[in-house]
Amino acid sequence: MEKLKPRDEADCLEIVKWAVADKKPLEIVSGGTKRGYGRPVEAAALADVSGLSGISLYEPEELVMTARPGTPLAEIEKTLHANNQELAFEPADYSKIYGKRGGSATLGGILAGNISGPRRIKAGAARDHFLGLRAVSGRGEIFKAGGRVVKNVTGYDLCKILCGSWGTLAILTEVTVKVLPAGQRILTVIVSGLSDSDATNAMAAAMGSSFEVSGAAYIPADVSIKSATDGAIAAIRVEGTGPSVSYRAAGLAEMLKPAGDCRIEKTGDSRAFWRSVRDAEFFTEHRDRPLWRVSVAPMSGPDVVATLRGQADIRAVYDWAGGLVWIEFSSEAGDDAGAGIVRDAVRPHGGHATLVRADDGVRRKTDIFHPQDAALAGVTSRLKDGFDPERILNPGRMYRTV
Amino acid sequence: MNSAPEQAVSLDQHSALEMPELDVDILGRRNEIIRDLRALVPGEGVISETSEMRVYESDGLTAYRQLPFVVVLPETVEQVSAVLRYCHKTGLKVVPRGAGTSLSGGALPLGDGVLLGLAKFNRILDIDYANRTATVQPGVTNLAITKAVEGRGFYYAPDPSSQIACTIGGNVAENSGGVHCLKYGLTTNNILGLQLVLITGEIINIGGKHLDSDGYDLLGLLTGSEGLLGVITEVTVRILREPETARAMIIGFPSSEDAGACVGSIIGAGIIAGGMEMMDRPAIHAADEFAQAGYPLDVEALLIVELDGPEAEVTDLIGRVEEIADANNASNVQVSQNEPERQKFWAGRKAAFPAIGRISPDYYCMDGTIPRHQLPKVLARMRELSEKYGLGVANVFHAGDGNLHPLIMYDSNVPGELEAAEDFGADILRLCVEVGGVLTGEHGVGVEKRDLMPEMFSETDLDHQQRVKCAFDADGLLNPGKVFPTLHRCAELGRIHIHGGKIPFPDIPRF
Ligand SMILES: Cc1cc2nc3c(=O)[nH]c(=O)nc-3n(C[C@H](O)[C@H](O)[C@H](O)COP(=O)(O)OP(=O)(O)OC[C@H]3O[C@@H](n4cnc5c(N)ncnc54)[C@H](O)[C@@H]3O)c2cc1C
């Protein structure tokens, strides 16, 4: 297989033109940390775009940064940190769930997957911070969309549809993101000993309060973590400036006291804990086990899990106040990695389930992304036609014929 | 019934705006079409009398008028679906309309098209406090959502100044903003789900009460698509708990440069205010006279900064903003002491458009966004342009996010002034693009900025956008003549211009 390493946009353009002309499907990788996410791509050549790297514009007072998509997240975060800023959607690094070393995720990969961490519930997703782009579409043409300002309704918001398109529409060559001041202090209110549904109620109460919660996760007792050994915990995070954070954490603890034992964890411990929630580190040990990422209305999380617990041997962790559920099956999940029962459990609630980890054989045969009905699938396929009619960019990564 | 439709876009003594050519065949079949539509939407749902259609002939951009071919007001999603399926089969154009407050002519009717009004879709379907969502029909007004949930201490964040009148469907179609966008986002950041009817009549559900799309983010794509991709028949929004306290400050400056620098320093200090608005001298005077907001009148620029959150935090931040303001030459600082006073500070800003309407026979509201540090340059150039065109301009500015609303004052009874105002406006928008900004921050392209799109986008850029249109509406029946300066046929856009046989890139590194 041809393995190419473009240095810039012009190289990307040339590669795509060749791929279109010679009908050679391309697999696009950047940091390569999420190659296990999605269906295996059957490509004739590999284009590694991690060489398109570097921050080209950063104006802290304008809350904006432009970078080439191969720029390592670590570099972006270091630069932002020096100015007390951050990517507020809290990009996650899923490397470890695939047995890879962390730290090589790139900004482009994060945007292509729309990967957001616990702060998603307060600050929005990656897609909400993606302001502008340049890209090479599967037609072998360079185009741009969006801009460098937050408020912009000039034409269709193509950033939104490229975000989360997993490289199936275009190769990003430059991206502009919104950046925000970072909270200087973090406190986490921990409520122990709650059941799944009591924890979800507690998280809903916290989210419905005016305490500006920036993370709400529940770790059931059967999931071991390093930082806490006291059984099931619901964790509620507040961030910001000194007095405000103490006040809000105390207010939450007071409010949640009737639900269970409350304690407040300090900044240092909190950071490590939320990193493990962000990166799904609870599920890094048994990499032969299928792992699902389920997005439902927050109050539906426990019901989906209860339904599945009745049918299979699973372990679950809840983020996004119950709206994001990670579900790991034991090794006996069956040929479809549990797809049938997971989607049956999700269906009555609305939402979607993505198979994040499974072996290649299973991934080839199973719907990794949530199956779409005919009308929606039609739109998806026609959008693909618009950007990549020859199906040369990551073909099949999301859906068989896309 | 049966009155002949006006055959040309009649524009208030206005330079001609080119709209899609009228379909003579459709015009000739008017009676038959009206009869068919009546069968689909019985009762009062089809309006064809000229006198009754008059109210629909323009939207908030009143310089442009066009009587619709026929008005249809469906009540159910099944009716919307049946009407669109019929239009698709018949080759009949469709213009969706909410409350008609668009400032870019997005809801301007077509002489050979159905004006599809969503006003009857005015029910709130579900409020779910535990999941913090509200599901409503598209004709529900923006403010009605907040009204429905405020009893429990919740609200819907985006708050366009037109919020009493404008509909959530229109907000989604325009990706509307408001004065709290910097901290709480635009419409696109605050909606979770949509029900959409395609021009084929197919009904699709996008998102719901959960977060993020698993496939392509159609929710994001639809938001701001200006009625060109489908008709929205249901919207699920995120509702938020009201902050514990909110206080507003008004800060006067001897120059716009100082005010602009102050905004930069506040953000640079890591403070994201709930709202940060700026007005220049003409706007301050007009707004204060209109709303008795208590603004200082001896300043060149005024900032309204709203801080919200826990009491302790707000008090702390007010102190810090005061220091920053002093360091930036503020001549005058007032802090609201109670809720009525906070409301009063905002009343002037929120009434800025009508306030200008009172001091000038007509005004033309622009909506460019610029990188904030370019403000002094843009204001200086605007003053030059104002002299060149001989027209006054007042500026209100969503300062936190760089969204400018220059209000150009003119008198449509003076020959040539409307044209001058339009040329002036176009020059301002070109300037916004030139300094790294965009043509429209929140009002949409519509017909108004359509022909300026090439200032910002190349033909290839626009073709990539138009192919999105093709994925939803290959025949171009939904709201044609808006957003895109030239409509290419989808078949033409589909062609690929690359031929095989080339030896690939000897220079590109392999690994
Ligand atoms: C005084 C005044 C102040 C304003 N202030 C602001 C402001 O602060 N911020 C801001 O962002 N805007 C503002 N606006 C602009 C305007 O109110 C917004 O664009 C609003 O969202 C339009 O809503 P509407 O219901 O009136 O839509 P309409 O004007 O009826 O339609 C707008 C567009 O949406 C489409 N559309 C409407 N409903 C649907 C539907 N159900 N499905 C598909 N397409 C649909 C139409 O085809 C059209 O393209 C202001 C307008 C006025 C007159």
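Note that the coordinates shown come from a computational prediction; the quantities given were computed from them, not determined experimentally.

**Student:** If you had to explain the overall build of chain B to someone new, which residues and values would you point to?
**Tutor:** If you tally the helices and strands in chain B, you get 18 helices and 20 strands. Computed over the C-alpha atoms, the radius of gyration of chain B is 24 Å, within 12% of the 24 Å expected from 2.2 N^0.38 for a compact globule of 511 residues. Summarising its shape, the C-alpha atoms of chain B cover approximately 70 × 70 × 55 Å along the three principal directions. Burial status across chain B gives 62% buried among its 511 residues. Of the contacts formed within chain B by residues at least 6 apart in sequence, a portion of 72% connects residues at least 24 apart. Accessible surface computed for chain B: about 18000 Å², of which carbon and sulfur atoms make up 50%. Here chain B contributes 42 positively and 70 negatively charged side chains, and the mean placements of these two sets differ by 4 Å.

**Student:** Explain the overall build of chain A to me, using residue names and the numbers behind them.
**Tutor:** A tally of regular secondary structure across chain A gives 12 helices and 18 strands. Relative to a compact globule of 402 residues, whose C-alpha radius of gyration would be 21 Å, chain A shows 21 Å and is just as compact. When the backbone C-alpha atoms are referred to their principal axes, chain A occupies close to 65 × 50 × 35 Å. Sorting the 402 residues of chain A into buried and exposed places 65% on the buried side. Pairs at least 24 apart in sequence give 71% of the contacts found in chain A among residues at least 6 apart. Counting 51 positive and 50 negative side-chain charges, chain A places the centres of these two groups 3 Å from one another.

**Student:** How would you summarise the state of the cysteines if you had to cite specific residues and measurements?
**Tutor:** Here a disulfide denotes one covalent bond, and it connects the sulfur atoms of two cysteines. All names here are of chain B. In this structure the tally under the stated criterion is 1 disulfide over all chains. Note on cysteine connectivity: Cys470 is disulfide-linked to Cys490, with sulfurs 2.1 Å apart. The sign of the S-S torsion, about -90°, decides the handedness of the disulfide formed by Cys470 and Cys490: left-handed. Of this pair, Cys470 sits in helix α17 (residues 459–472) while Cys490 sits in helix α18 (residues 490–494), placing them 20 residues apart in sequence. As a non-bridged cysteine, Cys166 has Cys181 as the owner of its nearest cysteine sulfur, 12 Å distant. For Cys166, a relative accessible area of 5% puts it in the buried group. Free cysteine: Cys365, not disulfide-bonded; nearest cysteine sulfur from Cys432 at 12 Å.

**Student:** Hey, could you go over the domain arrangement of chain A for me, with residue numbers and the actual values?
**Tutor:** In many analyses, interface size is given as the accessible surface area lost on bringing the parts together. Residues and elements named next belong to chain A. With domains assigned, chain A is organised as domain 1 (1–182 + 372–402), domain 2 (185–278) and domain 3 (281–365). Placing a centre on the C-alpha atoms of domain 2 and another on those of domain 3 gives a separation of 23 Å. Taking both sides of the interface into account, the surface hidden between domain 2 and domain 3 amounts to around 1500 Å²; carbon and sulfur atoms contribute 59%. Inspection of the region where domain 2 meets domain 3 yields 1 salt bridge. In this structure, Arg309 and Asp196 form a salt bridge, with 3.1 Å as the shortest nitrogen-oxygen distance.

**Student:** Explain the site of the ligand to me, and be specific about the residues and the numbers.
**Tutor:** Residue and element names in this part refer to chain B. Inspection of the region around the ligand gives 33 residues, with Pro96, Gly98, Thr101, Ser162 and Thr167 positioned closest. Contacts to the ligand include Thr101, whose side-chain N or O atom sits 2.6 Å from an oxygen atom. The side chain of Asn479 places a nitrogen or oxygen atom 3.3 Å from an oxygen atom of the ligand. Compared with its free state, where it exposes 980 Å², the ligand has 94% of that area covered by protein. Residue assignment for the shell around the ligand shows that the elements contributing at least two residues are β5 (93–97), α6 (168–174) and β12 (231–238).

**Student:** Go over the sheet that holds strand β20 (residues 403–410) of chain B, please, and point to the residues and values.
**Tutor:** Residues and elements named next belong to chain B. If you walk across this open sheet you meet the 7 strands as β17-β14-β16-β15-β19-β20-β18, and the pairing is antiparallel. A strand with exactly one partner marks an edge of an open sheet, and here the two such strands are β17 (332–335) and β18 (362–365). Looking at each pair of strands side by side, their axes are set apart by 15° on average, direction ignored. Bridge analysis of strand β14 (residues 245–253) against strand β16 (residues 301–309) gives 9 bridges, and the strand direction is antiparallel. Across the sheet, residue Ile251 finds its bridge partner in β16, namely Leu303. Packed on one face of the sheet, helix α10 (residues 281–291) meets β15 (275–280), β16 and β19 (393–398) and runs near 100° to β15. Those strands touched by helix α11 (residues 311–327) are β14, β16 and β17, and its axis lies near 5° from that of β14.

**Student:** Could you give me a rundown of the interface of chain A and chain B, with the residues and numbers involved?
**Tutor:** Counting residues at the interface gives 96 residues for chain A, matched by 101 residues for chain B. Both sides together, the interface formed by chain A and chain B hides about 8000 Å², and carbon and sulfur atoms give 59% of it. Taken as a group, Lys151, Val153 and Tyr156 of chain A account for 13% of the area that chain A buries against chain B, more than any other trio of residues on that side. Counting the contacts that link chain A with chain B gives 4 salt bridges. A salt bridge links Arg127 of chain A to Asp217 of chain B; its shortest N-O distance comes to 2.8 Å.

**Student:** Lay out the sheet that holds strand β9 (residues 170–178) of chain A in plain terms, naming residues and giving numbers.
**Tutor:** Residues and elements named next belong to chain A. The 5 strands lie next to each other as β4-β5-β9-β7-β8, forming an open sheet whose pairing is antiparallel. Of all the strands in the sheet, just β4 (55–59) and β8 (141–146) have a single pairing partner and so form its edges. On average, each strand axis in the sheet is tilted by 10° relative to the strand beside it, whichever way the strands run. Across 7 bridges, strand β7 (residues 130–137) lies against β9 in antiparallel orientation. What sits directly across from Arg134, in β9, is Glu174.

**Student:** Lay out the packing of aromatic side chains with the relevant residues and their values.
**Tutor:** One pass over the structure, following the stated rule, counts 15 aromatic pairs over all chains. Between Tyr94 of chain A and Trp326 of chain A, the ring centres sit 5.3 Å apart and the planes meet at 85°, which makes this aromatic pair edge-to-face. Of the two residues, Tyr94 of chain A is situated in the loop between β6 (85–86) and α3 (107–113) and Trp326 of chain A in strand β17 (residues 324–329); the sequence distance between them amounts to 232 residues. Judged on exposure class, the residue Tyr94 of chain A and its partner Trp326 of chain A are both buried. Three or more aromatic residues joined by ring pairs make a cluster, and in this case those are Tyr37, Trp166, Phe369 and Tyr399 of chain A. Looking at Arg30 of chain B, its charged tip hangs above the ring of Phe69 of chain B, at a distance of 5.6 Å from the centre. The ring of Tyr129 of chain B is capped by Arg152 of chain B, whose NZ or CZ atom sits 4.0 Å from the centre of that ring.

**Student:** Can you break down the packing of helix α9 (residues 256–268) of chain B against helix α14 (residues 375–389) of chain B residue by residue, with the values?
**Tutor:** Residues and elements named next belong to chain B. Their axes nearest at 9 Å, the elements α9 and α14 cross at an angle of 155°. Classed by the angle they form, the pair α9 and α14 counts as roughly antiparallel. The interaxial crossing formed by α9 with α14 has right-handed handedness. Judged by residue contacts, Ser256, Glu257 and Gly260 of α9 engage Leu375, Pro376, Leu379 and Arg383 from α14. Residue classes in the contact of α9 with α14 are distributed as 3 nonpolar, 2 polar and 2 charged.

**Student:** Could you give an account of the side chain of Asp93 of chain A, with specific residues and numbers?
**Tutor:** Residues and elements named next belong to chain A. With respect to the helices and strands, the residue Asp93 is situated in the loop between β6 and α3. There is no salt bridge for the buried Asp93, and the closest opposite charge comes from Arg278, which lies 6.0 Å off by N-O distance. A distance of 2.8 Å separates the side chain of Asp93 from the backbone nitrogen of Gly103, its partner in a polar contact. Beyond its immediate stretch of four places on either side in the chain, Asp93 contacts Thr33, Gly102, Gly103, Ser104, Ala105, Arg278 and Asp279.

**Student:** Go over the pattern of salt bridges, please, and point to the residues and values.
**Tutor:** One pass over the full model with this rule turns up 52 salt bridges over all chains. The residue Arg364 of chain A makes a salt bridge to Glu42 of chain A at a minimum N-O spacing of 3.5 Å. Linking Arg364 of chain A in helix α11 (residues 360–365) with Glu42 of chain A in the loop between β2 (26–29) and β3 (45–48), this pair joins segments that are 322 residues apart in sequence. The exposure class assigned to Glu42 of chain A is exposed, which follows from its relative accessible area of 55%. Across the pair Glu277 of chain B and Arg349 of chain B runs a salt bridge, and its minimum N-O distance is 2.7 Å. Here Arg349 of chain B lies in helix α12 (residues 339–350) and Glu277 of chain B lies in strand β15, a separation of 72 residues in the sequence. What makes Arg349 of chain B buried here is its relative accessible area of 2%. Overlapping salt bridges bring together Glu86, Glu90, Arg119, Arg237 and Glu239 of chain A as one network.

Conventions adopted
- Residues numbered from 1 in each chain as written.
- Chains lettered and ligands numbered in written order.
- Predicted model: local features only at pLDDT ≥ 70, side-chain atom pairs only at ≥ 80, totals over all residues.
- Heavy atoms only, no water.
- Helix = DSSP H or I, 4+ residues; strand = E, 2+ residues; numbered from the N terminus.
- Rg over C-alpha atoms; globule rule 2.2 N^0.38 Å.
- Buried < 20%, exposed > 50% of the residue type's maximum accessible area, 1.4 Å probe, protein only.
- Contact = heavy atoms within 4.5 Å.
- Areas by Shrake-Rupley, 256 points an atom, 1.4 Å probe, with all protein chains shown as cover.
- Lys, Arg positive; Asp, Glu negative; His and termini not counted.
- Charge placed at Lys NZ, Arg CZ, Asp CG, Glu CD.
- Disulfide = S-S within 2.5 Å.
- Domains from an automatic or database assignment.
- Buried area = accessible area lost by both parts, 1.4 Å probe.
- Salt bridge = Lys/Arg side-chain N within 4 Å of Asp/Glu carboxyl O.
- Near = heavy atom within 4 Å.
- Polar contact = N/O pair within 3.5 Å; in protein donor to acceptor, adjacent residues only side chain to side chain.
- Pairing = 2+ DSSP bridges.
- Axes fitted to C-alpha atoms, helices over the stretch in contact; angles between N-to-C directions.
- Phe/Tyr/Trp six-rings, centres within 6.5 Å; stacked < 30°, edge-to-face > 60°.
- Lys NZ or Arg CZ within 6 Å of the ring centre and 35° of its normal.
- Parallel < 35°, antiparallel > 145°, perpendicular 65-115°, else oblique.
- Left-handed = near helix turned anticlockwise from the far one by under 90°.
- Nonpolar A, V, L, I, M, F, W, Y, C, P; charged D, E, K, R; others polar.

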